[in-house]
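Breakdown of the fold
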Amino acid sequence: MPDTDEAGPRPGRPREASVDQRLREAVLALLREGGPGAVTMDRVAATSGVAKTTIYRRHPNRGELLTAVLSAAIGLPDVPDEGDVRDKIRFALEQAWHQMGVVLGPGGLAAIVGDSDPEFTDLFRAALQPYIANLVRRIREDVEAGLLREGLDAEGVVSLLIGAYLGELVRRGEVSPEWMDRALELLWVLMAPG
């Protein structure tokens, strides 16, 4: 069955949302499995069932397709206003870990760690930055409020927390849900107010 969605200049013909959804799902599946190198226009077309002409009307090249899909998948961080300091840090950390584990998956993470596709690495770092900044800001605010140890290096703590995810992934091949609580518990000794 041919694609019915045309994004051309014809007035009054709206884009079919299901086509965009199929493209997002295909790109993310290919990325998770094989990294950014697996995301080619041919493979996206084959995986999604969307004609290449339709893909090119929406995204003139692979870079713009990856950018659009990652931006939609990652979105913007949510900032909790309620909860104790550990709950807020855990919430912000959970969002950052979600981007690495669910959005990127093993293929995307391998590309980032190995920097096999520097353009993709830069793209993901830029997309992840609001989550990291949110976590750093949350820690700094809690230090200023006296809820965390005075002088705590917020950026260093965030690097350790992100590294805890990657370290567990390398060690076990997966990151279990309770690992976040264990990692936070280990670092809490360093973070807790005097």
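Computed from a predicted structure; not experimentally measured.

A few words now on the nonpolar core. Among the nonpolar cores identified, the biggest contains 58 residues, and V44, W97, F120, I139 and L148 are the most heavily contacted of them. Mapped onto this core, the elements with two or more residues apiece are α1 (17-34), α2 (41-48), α4 (62-74), α5 (85-114), α6 (118-144), α7 (154-172) and α8 (178-191). Looking at which element gives the most residues to this core, the answer is α5, with 12 residues. The residues touching F120, leaving out its near neighbours within four places in the chain, are L31, P36, L66, L70, L104, G108, A111 and I112.

Considering all chains together, one arrives at 12 salt bridges under this definition. The salt bridge partner of D20 is R58, with a shortest N-O separation of 2.6 Å. Here R58 lies in helix α3 (residues 52-58) and D20 lies in helix α1, a separation of 38 residues in the sequence. In terms of burial, D20 and R58 fall into one category: buried. Among the salt bridges present, the one from R137 reaches E141, with a minimum N-O distance of 2.9 Å. Here the residue R137 and the residue E141 both occupy positions in helix α6, the gap between them amounting to 4 residues, near one helical turn. By relative accessible area, R137 is classed as partly exposed at 32%. A relative accessible area of 31% means that E141 is categorised as partly exposed.

It is worth spelling out the packing of aromatic side chains at this point. For the structure shown, the criterion picks out 1 aromatic pair. Between R86 and the ring centre of W188, over which it is positioned, the NZ or CZ distance is 4.8 Å.

Following both chains from N to C, one finds α1 and α5 inclined at 45 degrees, their axes separated by 4 Å at the closest point. The angle between α1 and α5 falls in the class oblique. Only V102, V103, L104, G105, P106, G107 and G108 of α5 make contact with α1, whose side of the interface consists of L28, L31, R32, E33 and G34.

Now for the side chain of Q99. Position of Q99 among the secondary structure elements: in helix α5. Ignoring any residue separated from it by four or fewer positions in sequence, one finds Q99 in contact with A73, I74, L104, F124, L128 and Y131.

Attention now moves to unusual backbone geometry. Of note in this structure, D115 is not a glycine but carries a positive phi near 50 degrees. Its place among the elements puts D115 in the loop between α5 and α6. On the accessibility criterion, D115 (38% relative accessible area) is partly exposed.

Let's shift gears to the confidence of the model for the chain. Confidence in the prediction for the chain averages 85 pLDDT; 92% of positions are at 70 or higher. When the elements of the chain are averaged for pLDDT, α5 gives the smallest value, 84, and α2 the largest, 96. Note on residues 1-10: pLDDT is under 50 here. Beyond four places in sequence and across chains, it has 21 contacts.

For the rest of this paragraph, the subject is α5. Taking 1.5 Å per residue as the helical rise, α5 with its 30 residues ought to reach 44 Å, whereas the 34 Å between its terminal C-alpha atoms falls clearly short. Of all the bends in α5, the largest measures some 105 degrees and sits at L104, one to four residues before the proline P106. Taking the backbone nitrogen of R86 as reference, a side-chain oxygen 3.2 Å away marks D84 as the first, capping residue of α5. Positioned one or two residues after α5, D115 has a phi angle of 50 degrees, which is positive.

This part covers the packing of α6 against α7. Between α6 and α7, the shortest axis-to-axis distance is 9 Å and the interhelical angle comes to 130 degrees. Relative to α7, α6 is oriented oblique. In this structure, the crossing between α6 and α7 has a hand that is right-handed. On the side of α6, the interface is formed by I132, L135, V136, I139 and R140, while α7 contributes A154, E155, V157, V158 and I162. Of the residues in the contact of α6 with α7, the class split is 8 nonpolar, no polar and 2 charged.

How each quantity is defined
- Residues numbered from 1 in each chain as written.
- Predicted model: local features only at pLDDT ≥ 70, side-chain atom pairs only at ≥ 80, totals over all residues.
- Heavy atoms only, no water.
- Core = buried A, V, L, I, M, F, W, Y, C linked by side-chain atoms within 4.5 Å.
- Buried < 20%, exposed > 50% of the residue type's maximum accessible area, 1.4 Å probe, protein only.
- Helix = DSSP H or I, 4+ residues; strand = E, 2+ residues; numbered from the N terminus.
- Contact = heavy atoms within 4.5 Å.
- Salt bridge = Lys/Arg side-chain N within 4 Å of Asp/Glu carboxyl O.
- Phe/Tyr/Trp six-rings, centres within 6.5 Å; stacked < 30°, edge-to-face > 60°.
- Lys NZ or Arg CZ within 6 Å of the ring centre and 35° of its normal.
- Axes fitted to C-alpha atoms, helices over the stretch in contact; angles between N-to-C directions.
- Parallel < 35°, antiparallel > 145°, perpendicular 65-115°, else oblique.
- pLDDT = per-residue confidence, 0-100.
- Expected span 1.5 Å × (residues − 1).
- Bend = angle between axes of the 7 residues up to and from the residue.
- Polar contact = N/O pair within 3.5 Å; in protein donor to acceptor, adjacent residues only side chain to side chain.
- Left-handed = near helix turned anticlockwise from the far one by under 90°.
- Nonpolar A, V, L, I, M, F, W, Y, C, P; charged D, E, K, R; others polar.

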